[in-house]
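Chain residues, written in single-letter form:
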Amino acid sequence: MESAHFVASLVATIVGLLLVASFTSTLAKRLHLPFTVMLVIAGMLLAILARHGPHFLHGIVQFTISPEVILFVFLPTLIYESAFNLDYRQLRQNIMPVLLLAVPGLLLSTCIIGFVIHYFTSIDFVAALLLGSILSATDPVAVISIFKQLGTPKRLTVLVEGESLFNDATSIVVSKILVGIIAAGYFSKATIASGIVDFFVVFLGGILVGCLAAIIIGLILGQIESDSFIEISLTTILAYFSFLIAEELFHVSGVMATVAAGVTMSSWGRTKISPSVAGYMENFWEYMAHLANALIFLLVGLRVELKALLTSFDLLLLVVVTMLISRELVLFILVPLSRSLAPQVEPVNRQYQTVMWWGGLRGAIALAIVLSLKDFAYADTFIALVMGAVLFTLLVQGLTIEKLVRWLGLNKLSPADKITRAEGLLTAKEHALKRIPELQQGGLFSQRVAGKMQKLCNEEIDLLRHTLKQLRHEAFDRDQERLLLFSKCLGEEKNFYYELFSKNHLSEQAMKDLWNSVDLQYDALRTGKPLPHFTLHSPTANPLKRAFAKFFSRMPVLRRISEHWRMIVIAREYEEAWGRYQGSTKILANIKKMFSLEAIPKDVINEIIEHYQYWRDSARQRIDRTAEQLPEFVNSMQLRLAGLLITQAQEEVITSETRSGFIPSGVAKTILKELFAKVYVLRERDLNPLQIDPAELLRKVPFFKDITADEITRVTEKLKPLTLPENEIVIRQNERGDTLYLISRGVIRVSHNVKGKEIDLATLIAGDFFGEMALLYHEPRTATCRTITPCVLYALKHEDFMEIQQTCSEIRKTLEEAAKKRTEELHKTMPDNKD
């Protein structure tokens, strides 16, 4: 009975706290105050009310959560949600200042606080350092919520949140090392060296564990199709699994493991999540983080002992002042240093640094660490000091940070954002104007009211157009206009590729390659470089992959794997070309809808149109070349795409009919399950092999055309098929080889390098051959042969040729004559190599 009563009391307490949190959230929105700050205030008021109010409130006040629960239950949720939703692109661009503040910055802050506290108080030096490490961990929850309300620049949000994620891990690791030194009872150079080594092992080990865990979970997620329960469960397992195995099994940083897992899933693993589940997953993690923060900050308010804070007020004042000074020194010393270490990174201006200084709130991590200190001489003192410091940052800094942001003007829209906002409103008004005639259909709507609405919309449209023209004239030069318009087009293009992926029209890898293409173009624009000519199928791209494929193709056991890999490459390149063609066509079709063209310089619009016409035409040429050279392959690709499109259309209809109640939910689930299975089969199905008759090919080759049918059969048995993508080097000048190649499909370009200059000598097509000198005499290659289009070749090895010529003696003689003739022709076309 006592156990049942305890459980009932626990459930009632948690329900009561959630009820208080819900009420507090509503009140915070009405008062426009940070939710976490209001929770602390609510907790303090609840504690006062419980002491002098109804008896049933006593249980809530007495309710406590151990630091282990904060670390192992709440922390993985908070860390993973923050890391998963962090803008990976922005984090990568700002990784230098983030890491400088999170690691050296926290260590510097620890030392400053430790030295000051030790100098002005009787607290031991190592213990003072421990207090410094605890107080150096930031918690930006309240600040981030304010940033979102005010619309501050995304970069500032990433700097604050990114620093917090990494310095939480640093703070925990440093605190554990210092606790170990205190427990050992001595402090020496050896312990310092050991501590430094331990720090890097624990910190980097956590990153490794988190990345590996995320890759494993991501690969599993990639095999699951639209199952919200399994996919959300797997990400929950990842958040806690990475933390637990890092802490308990490998004894490295659990926080760093969860950060690494979240960031990996945010970048590489996001496309592993089914598009239909992505929205549910975001809502789930947002709720979990909201719930964890609500309970933690309510309990902070409940734990505040005002008498203890007043008793140690002088010491608390010293701690708060030291904490603020150390934060200021770290920011204004290390942030400028990041510019020197990474000159390509945009400098962090003074306004950002000021907000980061005053917005460095303390919270759950500091409380969890200090509450975990057991059998420690200064435990009670440290709890009071940390609790007071957390309370100060929340109530003083948290309630004034909004005014600071407004005073610095960081809440104001940039000229680019103002133009984007005005263009969005203009598009909405124009769309509304077109919809007004619908009100008059049927004759039941007043003509006078409709006319009045049309006049109002026209006036607002004219005003917005005038505003846009004025903004562009006053705040924008041509380069800024170009950057803004290109960025908008690239953003639309990227969204369109995700839409194709969500409908199963693009594979995950093709979408990622297309996204990378967009990112490369954006980076070039942002840094003032010319737009790249190649972003997908560069002639010099992926040399390592090509080298591996060539190596595998020389090994009989792995040759089939190499051939299969090449088919995958051709399929992906065709798919990417198709996706780029669709994306470029969409942008060109919608460019008039996206911009108010009369207010934009004509040369900028023409540049954008020419850019997308170039991508569209080059993609179309690649598609046409592939279709011309590999018709069977293209037919197989199009059948797969058509099957996916039809299945997607069926899924949309079934989902719509289920919402309307026409199809019962149970029946719809069965149908959708069958459709998802069909999609999986279509996506994973191997492409049809190219059906080419080697005997027919041999008849086209001069030195094989006169041999008998039996001899043709012997030769074809020795031929090995080879499928190559565009821009693949088949043979390289001066390399030794022993293989003859016959061209079945495609175009090969023969070139010769003279003093570093590549000179084209010949173009070979289906029915041609090359490599006969290496086959006959093992001589180095005299030229380089590269595929111009996707190609299908047949390879004949020297050992196979020697076996054939024993029964077909005329073949060698015919081949030698052909080789002699080819050599004479090449010498005529090659330039003079003499000085």
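See above for the structure.
Let us look at the structure shown here. (Residues numbered from 1 in each chain as written. Predicted model: local features only at pLDDT ≥ 70, side-chain atom pairs only at ≥ 80, totals over all residues. Heavy atoms only, no water.)

## Concerning the packing of helix α17 (residues 350-358) against helix α19 (residues 379-407)
In step 1: Following both chains from N to C, one finds α17 and α19 inclined at 165°, their axes separated by 9 Å at the closest point. Between α17 and α19, the angle falls in the class roughly antiparallel. Considering how the two elements wind past one another, α17 and α19 form a crossing that is left-handed. On α19, the residues that touch T354, V355, W357 and W358 of α17 are V396, Q397, T400, I401, L404 and V405.
In step 2: Within the contact of α17 with α19, the residues separate by chemical class into 7 nonpolar, 3 polar and no charged. (Axes fitted to C-alpha atoms, helices over the stretch in contact; angles between N-to-C directions. Helix = DSSP H or I, 4+ residues; strand = E, 2+ residues; numbered from the N terminus. Parallel < 35°, antiparallel > 145°, perpendicular 65-115°, else oblique. Left-handed = near helix turned anticlockwise from the far one by under 90°. Contact = heavy atoms within 4.5 Å. Nonpolar A, V, L, I, M, F, W, Y, C, P; charged D, E, K, R; others polar.)

## Here's the deal with the side chain of S175
In step 1: Note that S175 resides in helix α10 (residues 154-184).
In step 2: In this structure S175 comes out as buried when scored by relative accessible area, which is 3%. (Buried < 20%, exposed > 50% of the residue type's maximum accessible area, 1.4 Å probe, protein only.)

## Some details on helix α13 (residues 254-267)
The α-helix winds at 3.6 residues per turn, so residues separated by three or four positions along the chain end up facing the same way.
In step 1: With 14 residues, α13 should reach 20 Å at 1.5 Å per residue; the first-to-last C-alpha distance of 20 Å fits that figure.
In step 2: Counting buried positions over the 14 residues of α13 gives 13, a clear majority of the element.
In step 3: The N-cap of α13, judged by a side-chain oxygen 3.0 Å from the amide nitrogen of M256 a few residues on, is S253. (Expected span 1.5 Å × (residues − 1). Polar contact = N/O pair within 3.5 Å; in protein donor to acceptor, adjacent residues only side chain to side chain.)

## Focus: the sheet that holds strand β1 (residues 720-724)
The strands that make up a sheet pair up through hydrogen bonds in the backbone, lying either parallel or antiparallel.
In step 1: If you trace the 4 strands from one edge of the open sheet to the other, you get β1-β8-β3-β6, paired in antiparallel fashion. Edge strands, defined here as strands with exactly one partner in the open sheet, are β1 and β6 (769-770).
In step 2: As paired strands, β1 and strand β8 (residues 791-797) are joined by 5 bridges and run antiparallel to one another. The partner of P721 across the bridge, within β8, is Y794. (Pairing = 2+ DSSP bridges.)

## A word on the pairing of strand β7 (residues 784-787)
In step 1: Pairing geometry for strand β2 (residues 729-731) and β7, over 2 bridges, is antiparallel. Residue pairing for β7: I731 is matched across the bridge by C785.
In step 2: Both strand β4 (residues 748-754) and β7 contribute to a ladder of 4 bridges, which runs antiparallel. If you follow I748 over to β7, its bridge partner there is T787.

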